[in-house]
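# Observations on the three-dimensional arrangement
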Amino acid sequence: MENGVQRWVVDISKWEPSAIDFSFALSFLPQHHHSSITRFVKEEDRKRALISRLLQYALVHEVLGIPYQDIVIKRTSEGKPFLECGRVCFDLPNFNFNVSHHGDYVAIASEPLCLVGLDIVCCVVPKKETVVEYVQNFSSCFSSLEWDQIITAGSNNEVLTEFYRFWSLKEAYVKAIGSGLAYGLHRVEFYHNTSWTNISVKVDGVLNAQWRFWLSDLGKGHWVSVARGHPDSAIESYKRSLKETKFNEEEYKEGLLLPNPRFVLKTVEELLSVIQKAKCSC
């Protein structure tokens, strides 16, 4: 099943397309995706939206071998993308993926059996208020233990980094189950060691050992969190998009304990090359 565990990331800050280049890249996507990309006013937002969707099609084709024109990606009512009518693959019984973008990076993560959630944060320094004032706006999203760790982290930069680390983990969890922020971030409480390499979660005050989490430094003030958990935790609207949600303990443990690989850095040109080859082979 390890082939179903993929981690890709693209640095869009190095891609400065002309209008023609952007239109060319956009043409690789089905027409119904175009308006959701071109609706953005800012060029950076259009770039993030475009690369996010291209990553989804490229990864599905590369991992599952589905002909490019047969790939159908939709979204739940909560906005989580999923593969519709995916090819049955017994080695990857519950293939699913998640995407995220913030700042300079756009990323995608996939899992063959477990749910996967992904969130990138860029530690942006607030301009119109102090760091403490800024994080205070979100204090209701954290437990008293989390909040104490954030507010006593040290310098302004350390407070901001601690805040974004916790935020990223919470987002990764709620994105994995398909609910988004509607779930209530205050319901999810994280515990970690000093190096953030042993991360556990309590949901509504109950420790949940069916989940694993990883937090990685992407560089340039960016962090990325990956959540991996039981398909039965998905909300109903997302659960309907999954092939399977029931696994015995042995099957689930195999998926939960799969290695978590490093993110593979890809250029936009490499991504477009993958898609161009996929379209030409159709």
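Before any of the text, the structure's been laid out above.
Residues numbered from 1 in each chain as written. Predicted model: local features only at pLDDT ≥ 70, side-chain atom pairs only at ≥ 80, totals over all residues. Heavy atoms only, no water.

### Observations regarding the pattern of salt bridges
For the structure shown, the criterion picks out 13 salt bridges. Its salt-bridge partner being Glu-236, residue Lys-239 comes within 3.6 Å of it at the nearest N-O pair. On the criterion of helical spacing, the pair formed by Lys-239 and Glu-236 is a turn pair, its members being 3 residues apart in helix 7 (residues 236-239). The buried category is assigned to Lys-239, whose relative accessible area is 18%. Salt bridges linked by common partners bring Asp-232, Glu-236, Lys-239 and Lys-246 together as one network. (Salt bridge = Lys/Arg side-chain N within 4 Å of Asp/Glu carboxyl O. Helix = DSSP H or I, 4+ residues; strand = E, 2+ residues; numbered from the N terminus. Buried < 20%, exposed > 50% of the residue type's maximum accessible area, 1.4 Å probe, protein only.)

### Re the nonpolar core
Tyr-173, Phe-190, Trp-211 and Phe-213 are the most contacted members of the largest nonpolar core, which totals 39 residues. The leading source of residues in this core is helix 6 (residues 156-176), at 11 residues. When neighbours within four sequence positions are excluded, Trp-211 is seen to be in contact with Leu-115, Tyr-173, Ala-176, Ile-177, Val-201, Ala-227, Arg-228, Gly-229, His-230, Ser-233 and Leu-256. Of all hydrophobic cores here, the second largest spans 37 residues; its members include Trp-15, Phe-22, Val-63 and Tyr-68. (Core = buried A, V, L, I, M, F, W, Y, C linked by side-chain atoms within 4.5 Å. Contact = heavy atoms within 4.5 Å.)

### As for the side chain of Ser-168
Within the secondary structure, Ser-168 is located in helix 6. At 3.0 Å, the side chain of Ser-168 and the backbone oxygen of Asp-119 are in polar contact. Ignoring anything within four residues of it in the chain, the contact list for Ser-168 reads Asp-119, Val-121, Trp-223, Val-224 and Ser-225. (Polar contact = N/O pair within 3.5 Å; in protein donor to acceptor, adjacent residues only side chain to side chain.)

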